[in-house]
Amino acid sequence: MDLMTRLVLSSKFKRSVRKFTRRDAPLLARVEATMAQMAEDLAHPSLGTHKLDGKLSGSFSCSCGYDCRIVFAIETEAEICLKFWCGQEVEARALNKW
(Lines give C-alpha, C1' and ligand atoms only; values in the text may rest on other atoms or scores of the structure.)
Protein backbone atom coordinates (compact mmCIF):
# COMPACT_ATOMS: atom_id res chain seq x y z
CA MET A 1 0.00 0.00 0.00
CA ASP A 2 1.43 3.41 -0.99
CA LEU A 3 1.52 6.17 1.57
CA MET A 4 -0.07 9.41 0.50
CA THR A 5 1.70 12.68 1.11
CA ARG A 6 0.27 14.68 4.00
CA LEU A 7 -0.68 18.21 3.02
CA VAL A 8 -0.24 20.76 5.83
CA LEU A 9 -2.92 23.44 5.53
CA SER A 10 -2.05 26.60 7.42
CA SER A 11 -4.79 28.89 8.69
CA LYS A 12 -3.69 31.46 6.07
CA PHE A 13 -4.12 28.85 3.36
CA LYS A 14 -7.62 27.97 4.58
CA ARG A 15 -8.64 31.66 4.79
CA SER A 16 -7.29 32.40 1.34
CA VAL A 17 -9.10 29.44 -0.22
CA ARG A 18 -12.33 30.43 1.53
CA LYS A 19 -11.98 34.03 0.34
CA PHE A 20 -11.39 33.22 -3.32
CA THR A 21 -13.85 30.35 -3.62
CA ARG A 22 -16.73 31.86 -1.66
CA ARG A 23 -18.68 32.72 -4.80
CA ASP A 24 -16.91 30.37 -7.20
CA ALA A 25 -17.89 26.73 -6.63
CA PRO A 26 -16.04 25.49 -9.76
CA LEU A 27 -12.81 27.03 -8.43
CA LEU A 28 -13.30 25.26 -5.09
CA ALA A 29 -13.78 21.97 -6.93
CA ARG A 30 -10.56 22.57 -8.91
CA VAL A 31 -8.62 23.40 -5.74
CA GLU A 32 -9.89 20.24 -4.02
CA ALA A 33 -9.08 18.10 -7.07
CA THR A 34 -5.60 19.63 -7.28
CA MET A 35 -4.93 18.96 -3.60
CA ALA A 36 -6.08 15.34 -3.99
CA GLN A 37 -3.74 14.93 -6.98
CA MET A 38 -0.88 16.53 -5.03
CA ALA A 39 -1.36 14.05 -2.20
CA GLU A 40 -1.18 11.17 -4.69
CA ASP A 41 1.57 12.32 -7.08
CA LEU A 42 3.30 15.71 -7.10
CA ALA A 43 4.89 14.99 -10.48
CA HIS A 44 1.59 14.34 -12.29
CA PRO A 45 1.60 16.25 -15.60
CA SER A 46 -1.81 17.83 -14.97
CA LEU A 47 -0.36 19.77 -12.02
CA GLY A 48 2.40 21.46 -13.98
CA THR A 49 4.60 21.36 -10.88
CA HIS A 50 7.77 23.42 -11.18
CA LYS A 51 10.48 24.95 -9.01
CA LEU A 52 10.37 28.65 -8.35
CA ASP A 53 13.36 30.97 -8.35
CA GLY A 54 14.11 34.47 -7.20
CA LYS A 55 12.52 35.44 -3.89
CA LEU A 56 10.56 32.19 -3.86
CA SER A 57 13.63 30.05 -4.44
CA GLY A 58 13.27 26.67 -2.76
CA SER A 59 9.50 26.65 -3.22
CA PHE A 60 7.38 24.93 -5.84
CA SER A 61 4.19 25.85 -7.65
CA CYS A 62 1.42 23.92 -9.32
CA SER A 63 -1.64 25.03 -11.22
CA CYS A 64 -5.27 24.59 -10.25
CA GLY A 65 -6.65 26.82 -12.98
CA TYR A 66 -5.72 29.52 -15.44
CA ASP A 67 -5.05 32.19 -12.82
CA CYS A 68 -4.85 30.07 -9.68
CA ARG A 69 -1.70 28.57 -8.17
CA ILE A 70 -0.80 26.59 -5.11
CA VAL A 71 2.68 27.44 -3.92
CA PHE A 72 4.23 24.93 -1.60
CA ALA A 73 7.40 23.89 0.20
CA ILE A 74 8.36 20.26 0.64
CA GLU A 75 9.09 19.83 4.35
CA THR A 76 9.82 16.09 4.18
CA GLU A 77 9.00 13.35 1.68
CA ALA A 78 5.71 12.82 3.47
CA GLU A 79 4.76 16.40 4.34
CA ILE A 80 4.07 19.48 2.21
CA CYS A 81 3.27 23.00 3.47
CA LEU A 82 0.80 24.83 1.19
CA LYS A 83 0.13 28.44 0.22
CA PHE A 84 -2.74 29.44 -2.07
CA TRP A 85 -2.55 32.35 -4.47
CA CYS A 86 -5.18 33.33 -6.97
CA GLY A 87 -5.19 35.73 -9.91
CA GLN A 88 -3.18 38.93 -9.60
CA GLU A 89 -2.32 37.97 -6.05
CA VAL A 90 0.18 35.48 -7.55
CA GLU A 91 2.38 38.26 -8.90
CA ALA A 92 1.86 40.59 -5.93
CA ARG A 93 2.76 37.94 -3.36
CA ALA A 94 5.84 36.88 -5.31
CA LEU A 95 7.45 40.07 -4.04
CA ASN A 96 7.17 38.82 -0.42
CA LYS A 97 8.55 35.40 0.40
CA TRP A 98 6.17 33.36 2.59
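The rules behind the values
Residues numbered from 1 in each chain as written. Predicted model: local features only at pLDDT ≥ 70, side-chain atom pairs only at ≥ 80, totals over all residues. Heavy atoms only, no water. Helix = DSSP H or I, 4+ residues; strand = E, 2+ residues; numbered from the N terminus. Buried < 20%, exposed > 50% of the residue type's maximum accessible area, 1.4 Å probe, protein only. Arc of directions from axis to C-beta. Pairing = 2+ DSSP bridges.

Draft legend 1. Main features of the environment of Glu40. Within the secondary structure, Glu40 is located in helix H2 (residues 25–40). The exposure class assigned to Glu40 is exposed, which follows from its relative accessible area of 59%. On a C-alpha basis, the gap between Glu40 and Thr5 in space is 6.6 Å, while along the polypeptide they are 35 residues apart.

Draft legend 2. Fine view of helix H1 (residues 11–21). When we look at burial in H1, the residues that qualify are Phe13, Ser16, Val17 and Thr21. Buried residues of H1, viewed axially, fall in a sector of 110°; they line one side. Exposed residues pointing more than 90 degrees away from the buried face of H1 are listed as Lys12 and Lys19.

Draft legend 3. Quick look at the pairing of strand S3 (residues 60–65). Burial runs high along S3: five of the six residues are buried. Relative to S3, strand S2 (residues 50–51) is paired through two bridges, and the arrangement is antiparallel. Looking at the pairing, His50 lines up with Ser61 of S3. Two successive antiparallel strands, S3 and strand S4 (residues 68–76), enclose a turn made up of two residues.

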